[in-house]
Amino acid sequence: MTADQPFETGQAAEQTNEQALSLSQALLLPRIVIENTRPAIDGGQFAVKAVTGQSLTVDSKVFADGHDKLAVVLRWRALGSSQWHSSAMKDLGNDSWQGQFSVSEVGRHVFTIEAWIDLFATYRYELEKKYAAGVPIGLELEEGRRHLVQSAEKSEETLRRQLMHLHDEFQGLDQDGKVALLLQKDTAALMSLADPRAYLSKSHEFPVEVERERAQFASWYELFPRSITDDPARHGTFNDVHSRLPMIRDMGFDVLYFPPIHPIGRKHRKGRNNSLEAGPEDPGSPYAIGSADGGHEAIHPQLGSREDFRNLVAAAAEHGLEIALDFAIQCSQDHPWLVEHPGWFSWRPDGTIRYAENPPKKYQDIVNVDFYAADAIPGLWLALRDVVVGWVEEGVKIFRVDNPHTKPLPFWQWLIEDVRREHPDVMFLAEAFTKPAMMARLGKVGYSQSYTYFTWRNTKAELTEYFTQLNQPPWSDCYRPNFFVNTPDINPFFLHDSGRAGFLIRAALATMGSGLWGMYSGFELCEAAPIPGKEEYLDSEKYEIRPRDYTQPGNIIAEIAQLNRIRRQNPALQTHLGLAFFQCWNDNILYFGKRTADRRNYILIAVSLDPHNVQEAHFELPLWELGLDDSAATQGEDLMTGHRWTWYGKTQWMRIDPGYQPFGIWRISAAL
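Residues numbered from 1 in each chain as written. Predicted model: local features only at pLDDT ≥ 70, side-chain atom pairs only at ≥ 80, totals over all residues. Heavy atoms only, no water.

Going by what an unreviewed UniProt entry lists, the chain is known as Alpha-1,4-glucan:maltose-1-phosphate maltosyltransferase and is assigned to Pseudomonas eucalypticola. Per UniProt, the chain carries the Sequence similarities (unreviewed entry) text "Belongs to the glycosyl hydrolase 13 family. GlgE subfamily." The Catalytic activity (unreviewed entry) field of the UniProt record for the chain holds the comment "alpha-maltose 1-phosphate + [(1->4)-alpha-D-glucosyl](n) = [(1->4)-alpha-D-glucosyl](n+2) + phosphate". (UniProt positions renumbered as here; feature names shortened; annotations may be inferred.)

Peer 1: Before we move on, could you go through empty space enclosed by the protein and cite the residues and values that matter?
Peer 2: Under the counting rule described, the total for this entry stands at four cavities of 30 Å³ or more. What lines the largest cavity is F224, P225, R226, H235, P259, P260, I261, H262, I264, P286, H300 and L303. Empty space within the second largest cavity amounts to approximately 70 Å³. If you go around the second largest cavity, the residues you meet are I261, H262, H296, L325, D326, F327, V387, V388, W391 and F399. Secondary-structure elements contributing two or more residues to the lining of the second largest cavity are β14 (322-327) and α11 (379-392). Partitioned by chemical class, the residues of the lining of the second largest cavity number seven nonpolar, two polar and one charged. (1 Å grid on protein atoms, 1.4 Å probe; cavity = no way out; pocket = protein on both sides within 12 Å on 5 of 7 lines; lining within 4 Å. Points joined across faces, edges and corners; volume = space filled by probe spheres on them. Helix = DSSP H or I, 4+ residues; strand = E, 2+ residues; numbered from the N terminus. Nonpolar A, V, L, I, M, F, W, Y, C, P; charged D, E, K, R; others polar.)

Peer 1: Got a sec to walk through the pattern of salt bridges? Specific residues and values, please.
Peer 2: Counted by the stated rule, this structure contains 44 salt bridges. One salt bridge in this structure joins E417 and R421, with 3.7 Å as the shortest N-O distance. With E417 and R421 both in helix α12 (residues 409-422) and four residues apart, the pair spans about one turn of that helix. Under the relative-accessibility criterion, E417 is labelled partly exposed at 42%. According to the relative accessible area criterion, R421 is exposed, its value standing at 52%. When the shortest N-O distance is used, the salt bridge between R644 and E637 registers 3.8 Å. Classification of E637 as buried rests on a relative accessible area of 15%. Members of the salt-bridge network, linked through shared partners, are R385, D386, E417, D418 and R421. (Salt bridge = Lys/Arg side-chain N within 4 Å of Asp/Glu carboxyl O. Buried < 20%, exposed > 50% of the residue type's maximum accessible area, 1.4 Å probe, protein only.)

Peer 1: Go over the packing of α11 against α12 with me, naming the residues and quoting the values.
Peer 2: Two elements in contact, α11 and α12, have axes separated by 10 Å at closest approach and are oriented at 40 degrees. Overall, the two elements α11 and α12 adopt an arrangement that is oblique. Here α11 runs over α12; the crossing is right-handed. The residues of α12 that touch α11, namely those facing W381, L382, L384, R385, V388 and V389, are P410, F411, W414, L415, D418 and V419. Along the lines of polarity and charge, the residues of the contact of α11 with α12 split into ten nonpolar, no polar and two charged. (Axes fitted to C-alpha atoms, helices over the stretch in contact; angles between N-to-C directions. Parallel < 35°, antiparallel > 145°, perpendicular 65-115°, else oblique. Left-handed = near helix turned anticlockwise from the far one by under 90°. Contact = heavy atoms within 4.5 Å.)

Structure, rendered in structure tokens:
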């Protein structure tokens, strides 16, 4: 074994728990320890999430026996590429090292840490101490000369000449001059290039999934194309949706999401308000996918043609909007697959097929595929992959996936990776309202973002706990929360009787709390009529065509547009990360900050959680985070109104009137 033999930390010679460690195995163990590397998900089993241009901070514990100086380098590359990029990691003390890197290419990347004993840095450290102490250093200077000679002998032409020149210069100097030459930065830089990298150790390669910025920062707007009509008896079309694009754009949205646009089954079709009997004109639920007109690859005839859809995708792009489609893996009982591929389903003893249920809810118009049926592998898996790829080829790069937690995790891990291999800019949103472990796992297997528990977090304690959790590992590494304020299935209790102020409160929490948020059309009109006692909409649009007057009095369109404008203008608001809570002495006011790592963009948000009453409180400005003392002056700016003022000192007072605006959004900076 030579001094420059590389080791792979954590990959020693194989041994079982019943075997004693042999000398030959011990000699293969790394001398330098690289451990507790972050970010890493389950030890590197899954990819950490990042977006293009994002600076990813890597931390690790790196140490070795003795007092030798270490060189620690962070290296990264695109998966499949042989070209590595490198940067030195910073010694933070106590064996902690930190480095940063960013990439501009979408796709899978890996990073690793390399460490070795830096022989010349160790020598320089010892020489400097002895020289400062005034002890004899004649032998140390001879060792330094030999370092120069040996490094030159092992170097290529240009570096060899540079090192020999240093050696020749060294020979003609007195003791002080020799010490100065050996300690100067230029000498260290040249010797670093010639470093033999003694006892080189490498960490595992940790995967990173780099996606486009919209995976982390986007505003979603959901609508049913069939409801873009002025007459509930006339089915809306893709061509009708063109009329809505300017207003959706002007509200500041950049993703326009459609529920399923595929043919809707007739058998067991649902009627209004989810009734079991549909009238002859009831359009049915778009989630009952499939009819004689086709399945998941087809378009519902009443929406228009494929060419109409392509035109809409292009028109939306011209308005800065990207179309997202629903990927719902379920079938009506008229779906062509039931006849063409009966082996993809589970049949009951009487020859019927079990329909979908979520007791007490029943979905007689829907049946589910069986991913592990004998005839379903690999045909069903490949067919579903081909459905996604088919829509990608039509210009769709974002998919909202219905109930992914009820489908096998191995399927998602394979499908998402397989699709991204050829189309790395495709993104997936998980519509999963289930247990935390499953929601996190969906993020790990590849989902770009996910619906959340946000809809059911209303009190200061609940919101503080949840926002904090999302900002800490493991959630911060594997999970991007999309704060939808409502959905066609969820009409939150909070909105039922909170009026216009309640809608503004939830909009402010969503837009300021995460870089990702969404709303289902009607929210901007403060629609809240529920089925009594349930978090469901009365006259649900899932089962009928619902025209709307988007200019009706009492709407919050202007406020939503300003909230989205504030998000675009402030980088601190373009992610759910970088959030911290500060002191505010009122449990009805949620007060927090969002800031960039360099603190150049610092936003303070105060949201009253009471839509009915005025709330007042004293609160603290986080002057310590700006490097200011408790009596410093700071500049404040109300980002909703543009009003500016100067704060003096740390403790301030606020008054929030829900009849005016139930929140405050302030940009803070040191006073000039």
